[in-house]
There are 2 protein chains.
Amino acid sequence: MIRDRFLQTWKEKMGTDEWLILQDRYDPEENLKYESLFALSNGYLGIRGSYEEGTKTTLPYLYVNGVFDKSETFMRELAALPNWLGLKLYVEKELIGIENCEILEFSRALDMKQAALYWHYVLKDKKGRKTRIDGRRFVSRNCVHRMGIELYVTPLNYGGIIETENIIDGTIINFYDAPRFKVKHMTIKANEKLGGYGAYIEAATRDRNLHVGIGSVLEAFRGEEKIMRNRDFHAFGEQAVEFGDFTAEEGECIRLVKYASIYTERECPAYGLHVAVEKEIQAFEEEGFQEELEKHAGVYEKMWEEANLKIKGDFDLDRAVRFNIFHLMSTGNEEDDRISVGAKLLTGEEYGGHAFWDIELFMLPFFSFVFPKMAKNMENYRYHLLDAARANAKKNGYKGAQYPWESADDGTEQCPDWTIEPDGTCYRCYVAMYEHHVTADVAYGIYDYVKITNDRDFLFHEGAEILTETARFWADRCEYIPERDRYEINQVTGPDEWHEPVNNNLYTNYFARWNLRYVIALTDQMKKEYPEEYKRLTEKTGLTEKEIENWDQVQKKIYLPRKEGTDLLEQFEGYFDLKDVVIDKYDENDWPIRPEALKKYPARETQILKQPDVVLLLHLLGEEFDQKVIKANYDYYEKRTLHGSSLSPSIYSVMGLKVGDDSKAYRYLRRAAFIDLLNLQKNTREGIHAANAGGVWQTVVFGFAGVSIDSEGVLNICPHMPEEWEELSFRLHYYGSWVEITVDSADQVSVKRLSGEPVKIRIKGITEEI
Amino acid sequence: MIRDRFLQTWKEKMGTDEWLILQDRYDPEENLKYESLFALSNGYLGIRGSYEEGTKTTLPYLYVNGVFDKSETFMRELAALPNWLGLKLYVEKELIGIENCEILEFSRALDMKQAALYWHYVLKDKKGRKTRIDGRRFVSRNCVHRMGIELYVTPLNYGGIIETENIIDGTIINFYDAPRFKVKHMTIKANEKLGGYGAYIEAATRDRNLHVGIGSVLEAFRGEEKIMRNRDFHAFGEQAVEFGDFTAEEGECIRLVKYASIYTERECPAYGLHVAVEKEIQAFEEEGFQEELEKHAGVYEKMWEEANLKIKGDFDLDRAVRFNIFHLMSTGNEEDDRISVGAKLLTGEEYGGHAFWDIELFMLPFFSFVFPKMAKNMENYRYHLLDAARANAKKNGYKGAQYPWESADDGTEQCPDWTIEPDGTCYRCYVAMYEHHVTADVAYGIYDYVKITNDRDFLFHEGAEILTETARFWADRCEYIPERDRYEINQVTGPDEWHEPVNNNLYTNYFARWNLRYVIALTDQMKKEYPEEYKRLTEKTGLTEKEIENWDQVQKKIYLPRKEGTDLLEQFEGYFDLKDVVIDKYDENDWPIRPEALKKYPARETQILKQPDVVLLLHLLGEEFDQKVIKANYDYYEKRTLHGSSLSPSIYSVMGLKVGDDSKAYRYLRRAAFIDLLNLQKNTREGIHAANAGGVWQTVVFGFAGVSIDSEGVLNICPHMPEEWEELSFRLHYYGSWVEITVDSADQVSVKRLSGEPVKIRIKGITEEI
C-alpha cells in the first residue's frame with residue numbers, strides 16, 4: 001500500500017491506493033509537472049505543489065480566484081501572489097533540502113481523499129548527517145482562509161540545533177521562467193511582523209490596487225511543549241522571514257506546524273486585512289492543525305460522496321479518472337458567483353485563469369450533474385458579466401450581448417489582439433474577432449444546466465435575460481443575402497481553429513438558429529405560463545413581439561451548409577472543395593499520424609481538422625439529428641481530425657460509442673484520463689487541462705454509461721462497457737433528486753435513488769420510475 | 001601558457017603565467033572561495049568574483065568603501081549593495097549558464113597585470129545546443145565609477161534568437177547563507193529605466209539613509225552594428241531587469257557589452273545620482289569598453305612598476321606573493337582619506353569592513369614603502385577620527401584619545417559587546433573592553449609611516465596631535481601602585497588573545513611607555529626646531545609643560561615584567577607561573593600540532609599562545625633590544641605559539657631570519673603566501689586575509705631581503721635568501737626617493753635609484769650613498 005510509505009500516525013487517515021497519486025523519486029526535470037499534478041485548491045485559492053524549501057526549477061504560484069491584474073501584459077491574468085509555502089530547515093547553516101542533500105528515501109503523494117499532500121524523505125547532508133522529514137499540507141475547505149503545513153523532523157544520527165525560516169516570499173513574478181514574458185503583478189505594500197510572532201506581507205495588484213494580506217506563524221513542539229527559541233522577524237525587501245531555532249536530540253522527533261492565512265480585499269476592506277489574517281491564524285492555532293485538517297477532510301468526504309466514480313477492474317484508469325474529477329471539484333466554488341473556472345483551474349498560469357467556452361461545453365455538465373450549486377455559480381458568473389457582454393457587442397458594432405472569447409473578472413474581452421511568439425515577433429491574433437460561437441455556447445450552457453437541474457427560477461430570470469440578449473446578437477450578426485434569399489454568418493471561426501476565418505460555419509450558424517428558436521419557444525412558454533417573469537424580462541430587455549417575430553424570420557432562413565444528396569453536413573461553406581487529405585496512419589496507441597500532405601499544404605487548404613466541429617454539434621444537439629446523419633458525419637470527420645486540442649478525444653470517444661464505433665473510444669478515454677498524469681501533451685507544467693478533465697468525466701458517464709437526457713427531459717441510460725471493466729458506478733443529481741447508478745460488465749444497470757422526489761429513468765429504452 | 005585558453009584577440013594583452021591565477025574546472029563547492037580570490041577592487045569599490053548568470057552557492061557582494069550600515073546588527077558593517085553583475089543569456093527560455101548546462105570547456109583566470117577577470121566556456125544545454133562564451137570584466141581604476149563586462153557569444157551548432165537579461169539585483173542581503181545572521185542593509189528607493197535604455201536601482205542604507213545609485217546598459221554588436229532588439233525594462237520588485245534579444249547565425253560570434261556605473265551620496269547629492277550614473281554610462285559607451293579597459297590597465301601598469309616583487313626560481317611562490325600584493329594594492333585608495341582598509345579588504349563580509357590594528361602593524365609598512373599616498377590617506381583616516389577616539393576615551397572614563405578596537409566610518413567602537421555563537425547563544429565579548437594596545441599601535445603607525453616617508457609635515461601636525469592624545473590616554477590609563485612604587489596597566493589583553501584579561505601585559509606597557517617617551521622627545525624637538533607647530537599643537541590640545549613632566553614621571557616607572565636573572569621578557573605578570581606546555585610535535589608541513597595538554601587545561605591556564613606578543617614587540621621595536629634578548633625570547637615563545645591567527649606566521653618568519661633561525665622561515669612564508677590561494681584556513685570564502693597579505697610582503701622584504709630602517713634613519717639591507725631563490729627584486733619609496741633593490745642567490749645586493757634625491761643605504765653594514 002502506498003500509504004505505508006508515510007508516517008505511521010498519519011497513514012490510517014490516508015486513502016487507499018486508488019486515492020493516492022505517488023511520486024516515488026525526485027527528478028528536478030519533473031518539478032513543474034508535479035507542481036501542477038500536486039496542486040491543492042479549495043475553490044477560493046490554489047497553490048501549486050512546490051517544495052517548501054525551494055528548488056532551482058519551480059513556479060511556486062499561489063492564486064486567489066478573482067484576483068487578476070493586467071499591468072504590462074496583453075490581458076488581465078491571475079496574479080501570482082506572495083508564496084506562503086516557504087519553510088527551511090538548517091543544521092549548522094546547511095539547508096536540509098531535497099536539492100542540497102543526498103536523498104536516501106523519497107515519497108510524495110497526493111491524497112485525493114483528504115485533499116492533502118504527504119511526503120517522506122530521509123536526507124543526508126554533506127557532513128553525513130541524516131534527517132528524516134515527514135510532512136503534509138493542505139488548504140482548508142472547511143475555512144478557505146486557512147492553510148497549513150505539518151512537519152515531523154527527526155535527526156537520525158546527530159543531535160543539536162535546527163534553525164528554521166518561515167518565509168512569505170513576495171518576489172514572485174508570473175512567467176518566471178520565460179524571460180520575455182516575465183511580469184510582476186503585485187506591489188508589496190507591507191512586510192512586517194504578524195502580531196506577536198510570525199510574518200505578514202500585504203501586496204496589491206498593480207493596476208487596480210486590490211490588496212491581499214498573507215500571514216504565517218511557525219511553531220515547534222516537543223510533545224505539547226512549544227520549543228521555538230530565538231524568534232526574530234526580518235523584512236528582507238519583498239521577503240518576510242520569521243527566524244527561529246530549536247534543539248533536537250539524536251533520534252528525537254520534533255513536530256513543526258506552519259499556520260498560514262490569506263484574505264483579500266474581495267472579502268475584507270484593506271485596512272482590516274492584517275487583523276483578519278492575524279485573528280484567523282490565532283483561531284487556527286487555538287483549534288489546532290489536526291482538528292482543522294479533520295474538518296477539511298470531512299468536507300471532502302461529503303464531496304466525494306457526490307463525486308466519486310468507481311471503475312472496477314481497471315485500477316489505473318479508475319484512479320486517473322478520479323484524479324481529473326479531484327482537480328475539477330477542488331476548483332469549483334459553492335460560495336462565490338463572481339468567479340468561474342479557468343482553463344488550467346488554479347493549478348498553472350497558462351491562459352491567465354480565464355473562462356473559455358470550455359466552461360459550458362466541457363466542465364458545466366459535470367458540475368450540473370454532481371455539484372449543481374457550483375454550476376449555478378458558474379452560470380451566475382456569466383449573468384453578472386452580461387452588461388460587459390452587452391458593452392462588448394456594442395464595441396464590435398452588434399446588438400445584444402456578445403460574450404468575450406476569454407473572460408476574467410470584469411467580462412471584458414481578455415483574448416489578446418496580439419500574440420508574441422517565443423522569438424519576440426508579434427502577430428495579430430484573430431480569435432476574439434472571429435470566434436463568435438462562444439456566445440452561442442454560453443446560451444447552450446443555460447439550456448444544458450437547466451435540462452439537468454430543472455432550475456426554472458434561474459431559467460426564467462437570469463437565463464432568459466442572457467438568452468434574449470444573445471439571440472439579439474445572433475439576429476443582428478446574421479446577414480440577409482437577397483440573391484440567395486438566406487441569412488449567412490460570414491467571417492467567423494468555428495471550433496476547428498485551423499480554418500480561420502470562414503463563411504457559414506455550420507456549428508455557428510446552427511447554434512445561432514438554435515439560440516433564436518430556443519428563446520422564441522421560451523418566451524412563448526413564459527408569456528403563457530409565467531406572465532410575471534415574462535413581463536420582467538421584456539421590461540428589463542425591451543423585448544417586443546415584433547423583435548421575436550423578426551427572430552423567427554431570421555432563424556427560418558439561416559443557411560446550414562451540407563453536401564446535397566448525402567447525409568454529410570459541411571463544416572463551412574466550401575469545406576468540401578478543399579484538398580481532401582485523410583489520415584491513413586496511426587501510431588501504436590492508435591493516435592493519428594500527421595499526413596505527409598500537410599508538409600506540402602497548410603492545414604487550412606485541406607480538410608484536416610484540429611478538433612471536432614460538425615461532430616461537436618452532433619454531440620451537443622444529437623436529439624435534433626437522426627442516427628444515420630450522425631454516423632455518416634462521425635465516420636467522415638473522424639478520419640480527418642488530428643486532435644490538435646485536448647478538447648478533441650473525449651468528444652470523439654462519446655460520439656464513437658453513440659454510433660457503435662467502440663474501437664477507439666476506450667483508447668481515447670485513456671489518453672484523455674492520463675493526459676496530465678503522464679504529461680502526454682508535454683505541457684502539464686502549465687497546469688491541469690481542465691476542459692479535458694470535464695471531457696473525461698463526460699466520456700465515462702455520457703459515453704460508456706450512455707447517460708443522456710432526452711427531449712422529454714428523461715434521464716436515459718444506455719451503457720456500453722469496455723471489456724476491461726467489471727463494474728462502473730457513480731452518482732448524479734438530476735431534477736433535484738440524487739441517484740446512484742451502477743453498471744455491470746454485462747451492461748446491466750441498477751439505479752438507486754438516494755434522495756429527492758421519485759424520477760423517471762429510461763434504461764436501454766425501458767422507462768421506470770424510481 | 002595560461003592565456004592561450006582565452007580569446008585570441010584578448011590574449012596578447014593578458015599577462016604571462018606569473019600574472020594569472022587560473023581556475024580550470026567548475027566545482028560549485030569552490031564558488032565562495034573563488035569569489036574572494038577573483039574579487040576585483042579599484043580602491044573605491046569591490047566586487048566579488050561571482051558568476052554573471054548566478055549560481056546556487058554565491059555571495060555576490062558589491063561594496064563601496066565607506067558605505068556602512070548598522071540596522072539590527074551589533075555593529076556598522078559594509079553594506080552589500082545591489083549587485084550589478086547580473087547578465088543572463090537564454091535560448092528558447094533555457095538559461096545558458098554554468099549550472100544549467102554540461103560544461104565542455106571551462107577556464108577562468110584573474111589577470112593581475114590588468115586587474116581583470118577572464119573566462120572561456122563551451123556549454124551544452126539539455127537540447128544539445130553548444131554555446132561558446134568568452135568573457136571578461138573589470139572595475140575601472142581609470143574612472144572608479146565605471147564597471148564593465150564584455151562577452152563574446154558563439155552558438156556553435158545552432159542559430160537563432162538569444163534572449164538577454166541585464167540585471168541589477170537589489171534583493172541582496174548580508175550574511176545570505178547564515179540564516180541567523182542575515183540582514184538587509186539597503187532599502188530600495190527607486191527601480192526604474194535608466195534614461196532611454198538600461199536599468200537603474202537606487203538604494204539607501206537603512207540607518208543613515210545614505211543613497212547609492214547603480215545603473216547599467218547592455219548592448220549587442222555584430223561588428224560595429226548594434227543589434228539588440230525588443231528592449232524592455234521591468235521593475236520586478238527589488239530587481240531591475242533590461243530585457244533584449246538578438247539573432248545569431250550558427251558559428252557567428254556576437255559581442256555583448258555591459259556598461260555599468262555607480263555613484264553614492266559620498267560623492268554626489270542624492271538628487272543627482274540618477275543623472276550622474278546615466279551620464280557616466282553614456283560617456284563610457286561613447287569612449288568604448290576597450291578604450292576604458294586599456295586606460296584602466298595603464299593605471300595598473302604604473303602601479304605594478306611600483307609594487308611588483310619578483311622572485312626568480314620559485315615560480316609558484318613568486319605568483320602567490322604577487323597575488324597578495326595585488327589584493328592589497330587594489331584596495332588602497334589614493335584619493336579618499338575618509339576610508340581605510342578592512343580586515344578582508346573589499347572581498348568579503350567578515351569583520352564588516354572594519355579597520356583593526358592590522359592596518360598599522362601589517363599593512364601600513366607595505367603602503368608606506370610602496371604607495372606612500374595611500375599610506376598617508378590611511379593615516380589621515382585615523383586623524384579624521386581622532387575626535388571620535390577622544391569621545392571613546394571619555395566614554396570609558398579616560399583622558400586623551402582611545403582608538404576603537406574596530407573602526408568603520410565614524411570612529412565609534414564597532415567591536416561588538418556581544419557575540420552570537422552559531423547556536424544562538426550570546427556571550428559577552430571583552431575585546432573592546434580590554435584590548436587597549438590598539439591605541440599604542442595607531443601611535444606606532446605614525447612613527448613607522450614617518451620613519452619610511454619622512455613626512456614631517458604630517459608628523460608635526462596630524463601626527464603630533466594624535467600622539468599627544470594617545471600619550472594622554474596612556475598616562476591616565478597607567479595606575480600608580482604606591483607599595484611597589486611603579487605604574488601598572490591592569491586588566492588588559494595583549495596581542496595574544498588566549499589570555500584575557502591580564503595584568504601588565506609587556507607589549508601594552510612597553511608601548512605605553514614608548515608612546516610617552518616618543519611624544520616627550522617629539523615635543524622637545526618641536527619646541528626647539530618648529531616653534532610654530534609646537535604652538536599650534538599646545539593650543540589645539542591644551543598640552544602644558546607640566547603635563548609633559550608628568551608623562552616623564554609615569555614612563556620612568558612603568559612596570560615591564562621579565563624573568564629576573566635571564567633574558568626572558570614575561571608576556572604578562574604571572575605568565576611564567578602558568579603550566580608550561582610546550583609544542584613538541586609538528587606535522588609534515590612543520591606546522592605545530594596542538595599539544596595533548598590542551599585537552600586537559602584551557603589555553604589560558606598554560607603558556608601556549610595564539611600569536612606573537614613579546615616577539616611582536618621585538619619585531620616592532622627591535623632596535624631597543626639587544627640581539628641576545630631577541631634570540632632568547634624568540635626561542636622561548638616560538639615553541640609555545642600555535643599560530644591561531646593568520647597574523648602569526650609572517651612575524652615569526654621575519655624574526656626567525658633576524659635571529660638566524662631560518663629553519664621555518666621559508667615554510668612560514670609559503671603558508672602565509674598560499675593561505676587564500678589554497679584556502680588553508682578554510683575561510684577564504686569570507687574574504688582575503690588582508691593583514692596576512694601585508695605580512696607576506698613584510699616577510700619577503702623585511703625577512704629575506706633584510707630591509708629595515710635603523711635608528712639613524714638609514715635604510716639597511718641585510719639579505720638571507722632561501723636556497724630555492726635565484727634572485728629577488730622589488731622597489732621601495734624611502735624618504736621621497738625611489739629605489740630598486742635586487743638580491744642574488746649569493747645574497748649580493750644591488751640598489752638603483754630610480755628617482756628622487758640621493759639617499760644613504762647600508763648594505764650588510766656597509767654604508768653607501770646612491
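Residues numbered from 1 in each chain as written. Chains lettered and ligands numbered in written order. Predicted model: local features only at pLDDT ≥ 70, side-chain atom pairs only at ≥ 80, totals over all residues. Heavy atoms only, no water.

**Examining the overall build of chain A**
Counting its secondary structure elements, chain A contains 20 helices and 32 strands. A globule of 770 residues ought to have a C-alpha radius of gyration of about 27 Å, and chain A, at 27 Å, matches this closely. Seen through its C-alpha atoms, chain A measures out along the principal axes to roughly 90 × 60 × 55 Å. Residues counted as buried form 65% of the 770 residues belonging to chain A. For chain A, the proportion of contacts with a sequence separation of at least 24, taken over those separated by at least 6, is 67%. Each charge sign in chain A was given a centre, from 97 positive and 132 negative side chains, and these centres are 1 Å apart. (Helix = DSSP H or I, 4+ residues; strand = E, 2+ residues; numbered from the N terminus. Rg over C-alpha atoms; globule rule 2.2 N^0.38 Å. Buried < 20%, exposed > 50% of the residue type's maximum accessible area, 1.4 Å probe, protein only. Contact = heavy atoms within 4.5 Å. Lys, Arg positive; Asp, Glu negative; His and termini not counted. Charge placed at Lys NZ, Arg CZ, Asp CG, Glu CD.)

**Quick look at the packing of aromatic side chains**
What the rule picks out here adds up to 95 aromatic pairs over all chains. Between Tyr734 of chain A and Tyr735 of chain A, the ring centres sit 5.1 Å apart and the planes meet at 45°, which makes this aromatic pair tilted. Residue class for Tyr735 of chain A comes out partly exposed when judged on its relative accessible area of 35%. Between Tyr26 of chain B and Tyr51 of chain B the ring centres are 5.4 Å apart and the planes differ by 85°, which places this aromatic pair in the edge-to-face class. Of the two residues, Tyr26 of chain B is situated in the loop between strand S1 (20-23) and helix H2 (31-37) and Tyr51 of chain B in the loop between strand S3 (45-47) and strand S4 (62-64); the sequence distance between them amounts to 25 residues. In this structure, Tyr26 of chain B and Tyr51 of chain B share a single accessibility class: buried. Lying across the ring of Trp19 of chain A, Arg322 of chain A places its NZ or CZ 5.0 Å from the centre. The residue whose ring lies beneath Arg671 of chain B is Trp591 of chain B, and the NZ or CZ to ring-centre distance is 3.7 Å. (Phe/Tyr/Trp six-rings, centres within 6.5 Å; stacked < 30°, edge-to-face > 60°. Lys NZ or Arg CZ within 6 Å of the ring centre and 35° of its normal.)

**A word on the relation of the copies chain A and chain B**
Each copy superposes on the other: chain A lies on chain B with an RMSD of 0.0 Å after a rotation of 180° and an axial shift of 0.0 Å. What the rotation and shift describe, once combined, is the action of a two-fold rotation axis. The C-alpha atom lying nearest the rotation axis in chain A is that of Glu238 of chain A; the distance is 3.7 Å. When the interface residues of chain A are mapped onto chain B, 100% of them again fall at the interface, so both copies present the same face. (Least-squares fit on C-alpha atoms with pLDDT ≥ 70 in both.)

**As for the pattern of salt bridges**
All names here are of chain A. By the definition in use, this model includes 144 salt bridges over all chains. Among the ionic pairs, Glu219 bridges to Arg231, the shortest N-O distance being 2.6 Å. Here Glu219, found in strand S16 (residues 211-222), pairs with Arg231, found in strand S18 (residues 229-236); they are twelve residues apart in sequence, far enough to count as distant. What you see here is one network of salt bridges that share partners, running through Asp387, Arg390, Glu465, Glu469, Arg472, Arg536, Lys540 and Glu547. (Salt bridge = Lys/Arg side-chain N within 4 Å of Asp/Glu carboxyl O.)

**Quick word on the interface of chain A and chain B**
Counting residues at the interface gives 31 residues for chain A and 31 residues for chain B. Looking only at chain A, the three residues that lose the most surface to chain B are Pro179, Arg180 and Phe236 of chain A, adding up to 24% of its buried area. For the pair chain A and chain B, the number of links is eight salt bridges. Residue Glu165 of chain B pairs with Lys182 of chain A through a salt bridge whose shortest N-O separation is 2.6 Å. Counting across the chain A and chain B interface gives ten residue pairs in polar contact (both at pLDDT 80 or more). When residues of the side of chain A that touches chain B are traced back to their parent elements, those giving at least two are strand S13 (160-169), S18 and strand S19 (239-248) of chain A. The element contributing the most residues to the side of chain A that touches chain B is S18 of chain A, with five residues. Across the side of chain A that touches chain B, the residue classes tally to ten nonpolar, five polar and 16 charged. (Buried area = accessible area lost by both parts, 1.4 Å probe. Polar contact = N/O pair within 3.5 Å; in protein donor to acceptor, adjacent residues only side chain to side chain. Nonpolar A, V, L, I, M, F, W, Y, C, P; charged D, E, K, R; others polar.)

**So, the packing of helix H11 (residues 456-477) of chain B against helix H12 (residues 506-529) of chain B**
Residues and elements named next belong to chain B. It is the contact of H11 with H12, at a shortest axis distance of 9 Å, that shows an interaxial angle of 135°. As far as their axial angle goes, H12 and H11 are oblique. As for how H11 packs across H12, the hand of that crossing is left-handed. Where H11 approaches H12, its residues Arg456, Leu459, Phe460, Ala464, Leu467, Thr468, Thr470, Ala471, Trp474 and Ala475 are matched on the opposing element by Thr508, Ala512, Asn515, Leu516, Tyr518, Val519, Leu522, Gln525 and Met526. Grouping the constituent residues of the contact of H11 with H12 by class yields 13 nonpolar, five polar and one charged. (Axes fitted to C-alpha atoms, helices over the stretch in contact; angles between N-to-C directions. Parallel < 35°, antiparallel > 145°, perpendicular 65-115°, else oblique. Left-handed = near helix turned anticlockwise from the far one by under 90°.)

**So, the side chain of Thr164 of chain B**
All names here are of chain B. With respect to the helices and strands, Thr164 occurs in strand S13 (residues 160-169). Since its relative accessible area comes to 1%, Thr164 is described here as buried. With residues up to four places along the chain from it excluded, the contact list for Thr164 reads Lys88, Leu89, Leu218, Met228, Glu242, Phe243, Gly244, Asp245, Phe246 and Leu256.

**Observations regarding the UniProt feature "active site" (unreviewed entry) in chain A**
All names here are of chain A. Per the UniProt record, "active site" (unreviewed entry) is annotated on Glu497. Looking at where Glu497 falls in the secondary structure, it is placed in the loop between strand S25 (486-488) and helix H12 (506-529). Given a relative accessible area of 24%, Glu497 falls into the partly exposed group. Non-local contacts of Glu497, meaning those with residues more than four positions away in its chain, are made with Trp405, Val431, Glu435, Lys610 and Gln611. (UniProt positions renumbered as here; feature names shortened; annotations may be inferred.)

**A short note on the pairing of strand S10 (residues 116-124) of chain A**
The side chains of a regular strand alternate, residue by residue, between the two faces of the sheet. Residues and elements named next belong to chain A. Most of S10 sits out of view: eight of its nine residues are buried. Note that strand S9 (residues 102-111) and S10 share nine bridges and pair antiparallel. Within the sheet, the bridge partner assigned to Phe106 lies in S10 and is Tyr121. Hairpin connection, S9 to S10: the antiparallel pair is bridged by four residues, and Ala115 has positive phi, about 55°. (Pairing = 2+ DSSP bridges.)

**Brief notes about the sheet that holds strand S29 (residues 737-744) of chain B**
All names here are of chain B. Read across the open sheet, the four strands follow the order S21-S28-S29-S30; overall the sheet is antiparallel. Where the open sheet ends on each side, the last strands, each with one partner, are strand S21 (310-312) and strand S30 (749-755). Each strand axis lies, on average, 20° off the axis of its neighbour in the sheet, ignoring direction.

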